[in-house]
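Survey of secondary and tertiary structure
These are the residues of each chain, in order.
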Amino acid sequence: MKTDSKNLKLRLEKFLSEAGVASRRHAKQIISAGRVTVNEEKIFIPGTHINVDTDVIKLDGKPLCLVKKKVYLALNKPAGYLSTVNDERNRPTVLHLLHNLPFRVYPVGRLDFDTEGLLLLTNDGELAHKITHPRYHVDKVYIAWVKGHPDETALEKLRRGIRIEGDVTAPAKVIVSKRTNAHTCLKITIHEGKKRQIKKMCRAIGHEVQYLKRIQIGPIKLGNLRVGRYRRLSSKEVKALKNFSRIEMQ
Ligand code: URA
């Protein structure tokens, strides 16, 4: 995106994502909550156009400007952390795990409070949008330990798509990777990001998830990053991620 043109007009939620505040989808919620002012006037309607060169945009009273330097981090999220920027109930968020960062980043998509694994954080609104929007088909790979032993018929249901809350999930890749006496470890690949999707899919075939971890997003692998630690993505990884979401959208 060009940031140096005169009189550049943007939708408010796009401006917020380009200022490193949140993904476009989450920015709409922030606007509706009345946290954003344009020239000291509270704006509640996402989609409002602002002029980057002349309007003063504030979030919670603090002025914002467009981010020039994009940052991309991979975190191994532990259970017990919210993947949000802040929480009304003051529970720990993933941002508590990033110490003394000189820039603002936000999580790309969500992992549940009790889910572990790969979470990307960035201030690149465009890329965050592509990774999370189902239209771009960016695969997310999960390891799910479920109760009992799902049979082939049940696994096929997951693979073909299953009805959860009135909606049918897109086809998934499902591989059985281990079995113990009481549990089965499934490797599940999906590109959608419905709320608690993996847990709901497994519940729908009668096998509750006991432990869930995300190990890959598109070309980015969790690898041996320790729980609670983060690293910057290499430029090669960023390039791969950008190319991946571009290819997958065609
Ligand atoms: N699916 C879930 O059920 N939970 C997550 O955290 C991610 C995907």
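Per chain, residue numbering runs from 1 following the sequence as it is written. Thresholds applied to this predicted model are a pLDDT of at least 70 for local features of residues and 80 or more for the giving and counting of side-chain atom pairs; totals over whole chains, interfaces and linings are not thresholded and use all residues. Only hydrogens and water are removed before side-chain values are computed, so all heavy atoms of the structure are retained for them.

Right, let's talk about the sheet that holds strand β2 (residues 36-38) for a bit. By definition, two strands form a pair when at least two bridges between them are found by DSSP. The helix count covers DSSP runs of H or I at least four residues long, the strand count covers runs of E at least two residues long, and both are numbered beginning at the N terminus. Taken together, four strands build an open sheet; the order of strands is β3-β2-β5-β6 and the sheet is antiparallel. At either margin of the open sheet sits one strand with a lone partner, and together these are β3 (41-42) and β6 (62-63).

Moving on, we get to helix α4 (residues 152-160). Ala 154, Leu 155 and Leu 158 are the residues of α4 that are buried. An end-on view of α4 places all buried positions within 100 degrees of arc, on one side of the element. Residues of α4 that are exposed and point more than 90 degrees away from the buried face comprise Thr 153 and Arg 160. One or two residues past the end of α4 sits Gly 161, with phi positive at roughly 115 degrees. The buried label goes to any residue with under 20% of its type's maximum accessible area, the exposed label to any with over 50%, and the partly exposed label to all in between, with areas taken from a 1.4 Å probe on protein chains only. Of all possible arcs, the one meant is that of the directions from the helix axis to the C-beta atoms.

So, about the packing of aromatic side chains. Any aromatic ring pair is given by two values, namely how distant the centres are and how the planes are angled relative to each other. Centres within 6.5 Å are what make two rings of Phe, Tyr or Trp a pair, Trp counting through its six-membered ring; a difference in plane orientation under 30 degrees is then read as stacked, over 60 as edge-to-face, and the rest as tilted. All told, the structure shown has zero aromatic pairs when counted by the stated rule. It is Arg 91 that lies over the ring of Phe 113; its NZ or CZ is 6.0 Å from the centre. Think of it as a cone above the ring: NZ of Lys or CZ of Arg counts as a charge over the ring if it is within 6 Å of the ring centre and within 35 degrees of the ring normal.

When two cysteine sulfur atoms are found within 2.5 Å, that pair is recorded as a disulfide. Evaluated as defined, the whole model comprises zero disulfides. Between Cys 185, a free cysteine, and Cys 202, which holds the nearest cysteine sulfur, the sulfur-to-sulfur gap is 11 Å. Judged by its relative accessible area of 4%, Cys 185 is buried.

So, on to empty space enclosed by the protein. The definitions used throughout rest on a 1 Å grid laid over the protein atoms alone, on which a cavity is an enclosed set of points accommodating a 1.4 Å probe that cannot get out and a pocket is an open set flanked by protein within 12 Å on both sides along at least five of seven lines; lining residues are those having an atom within 4 Å of a point. Grid points are joined across faces, edges and corners, and a volume is the space filled by probe spheres set on the points. Counted according to the given criterion, the structure contains one cavity of 30 Å³ or more. What the largest cavity holds in volume is close to 50 Å³. Along its surface, the largest cavity is lined by Tyr 72, Leu 73, Val 108, Leu 120, Leu 121, Thr 122, Leu 127, Ile 131, Leu 233 and Leu 241. Those elements giving two or more residues to the lining of the largest cavity turn out to be β7 (72-77), β9 (116-122) and α3 (125-132). Of the residues that constitute the lining of the largest cavity, the class distribution is nine nonpolar, one polar and no charged. Three residue categories are used. Nonpolar comprises Ala, Val, Leu, Ile, Met, Phe, Trp, Tyr, Cys and Pro, charged comprises Asp, Glu, Lys and Arg, and polar comprises the others, including Gly.

To continue, consider unusual backbone geometry. For Asn 90, which is not glycine, the phi dihedral falls at a positive 60 degrees. Among the secondary structure elements, Asn 90 is positioned in the loop between β7 and β8 (106-107). Despite not being glycine, Glu 165 has its phi angle at roughly 50 degrees, a positive value. Looking at the secondary structure, you find Glu 165 in the loop between β11 (163-164) and β12 (167-168). Exposure remark for Glu 165: the relative accessible area of 68% places this residue in the exposed category.

Residue proximity to a molecule or strand is established when one non-hydrogen atom of the residue lies within 4 Å of it. In the neighbourhood of the ligand, the contacting residues comprise Leu 111, Asp 112, Thr 115, Tyr 142, Arg 196, Gln 197, Ile 198, Lys 199 and Leu 212. A distance of 2.9 Å separates an oxygen atom of the ligand from a polar side-chain atom of Thr 115. Polar contact criterion, stated in full: a pair of N or O atoms within 3.5 Å, where within protein one must be able to donate a hydrogen and the other to accept it, and residues adjacent in sequence count only if both atoms are side-chain atoms. Between the ligand and the protein, one listed contact pairs an oxygen atom with a backbone N or O atom of Gln 197 at 3.4 Å. Coverage of the ligand by the protein chains reaches 95% of its 240 Å² of free accessible surface. Per-residue accessibility takes into account occlusion by the displayed protein chains alone, with areas from the Shrake-Rupley method and a 1.4 Å probe.

Quick look at the domain arrangement of the protein now. Size of an interface: often given as the accessible area lost when the parts come together. A domain assignment, automatic or from a database, supplies the domain bounds used here. Looking at the protein, the domain boundaries give domain 1 (9-63), domain 2 (72-134 + 220-244) and domain 3 (139-217). The distance between the C-alpha centroids of domain 1 and domain 2 comes to 22 Å. By the convention used here, residues are in contact when the closest approach between their heavy atoms is within 4.5 Å. Taken together, the 13 residues of domain 1 in the interface contact 13 residues of domain 2. Note on terms: buried area is the combined drop in 1.4 Å-probe accessible area of two parts once they are placed together, counting the loss on both. Roughly 970 Å² is buried in total at the junction of domain 1 and domain 2, and carbon and sulfur atoms are behind 41% of that figure. Ranking the residues of domain 1 by area buried against domain 2 places Gly 20, Arg 24 and Arg 25 at the top, with a combined share of 41%. Here, a salt bridge means any side-chain nitrogen of Lys or Arg that lies within 4 Å of a carboxyl oxygen of Asp or Glu. Summed over the shared surface of domain 1 and domain 2, the result is two salt bridges. Lys 14 is the salt-bridge partner of Glu 126, the closest N and O atoms lying 2.6 Å from each other. Between the two partners, domain 1 and domain 2, sit three residue pairs in polar contact (both at pLDDT 80 or more). Of the residues that constitute the side of domain 1 that touches domain 2, the class distribution is four nonpolar, four polar and five charged.

Right, let's get into the confidence of the model for the protein. Values of pLDDT, ranging from 0 to 100, describe the predictor's confidence in every residue of the model. For the protein, mean pLDDT is 91; residues scoring 70 or higher make up 95% of the total. Note that residues 1-5 has pLDDT below 50 and, in this model, nine contacts with residues that lie over four places away or in other chains.

The subject of this paragraph is the nonpolar core. Counting residues in hydrophobic clusters, the biggest one holds 29 residues, and the most contacted among them are Ile 188 and Ile 198. Among the elements of the structure, β7, β9, β10 (140-147), α4, β14 (183-190), α5 (197-204) and β15 (209-217) are those that each provide at least two residues to this core. Shared between two domains, this core takes at least three residues from each, and those domains are domain 2 (72-134 + 220-244) and domain 3 (139-217). Excluding its chain neighbours within four sequence positions, the residues that come into contact with Ile 198 are Tyr 142, Ala 144, Ile 188, Ile 190, Val 209 and Leu 212. In this structure, Leu 8, Val 21, Ile 43 and Val 52 belong to the second largest nonpolar core, which totals 20 residues. Here the nonpolar core consists of buried residues drawn from Ala, Val, Leu, Ile, Met, Phe, Trp, Tyr and Cys, with membership extended through side-chain atoms lying within 4.5 Å.

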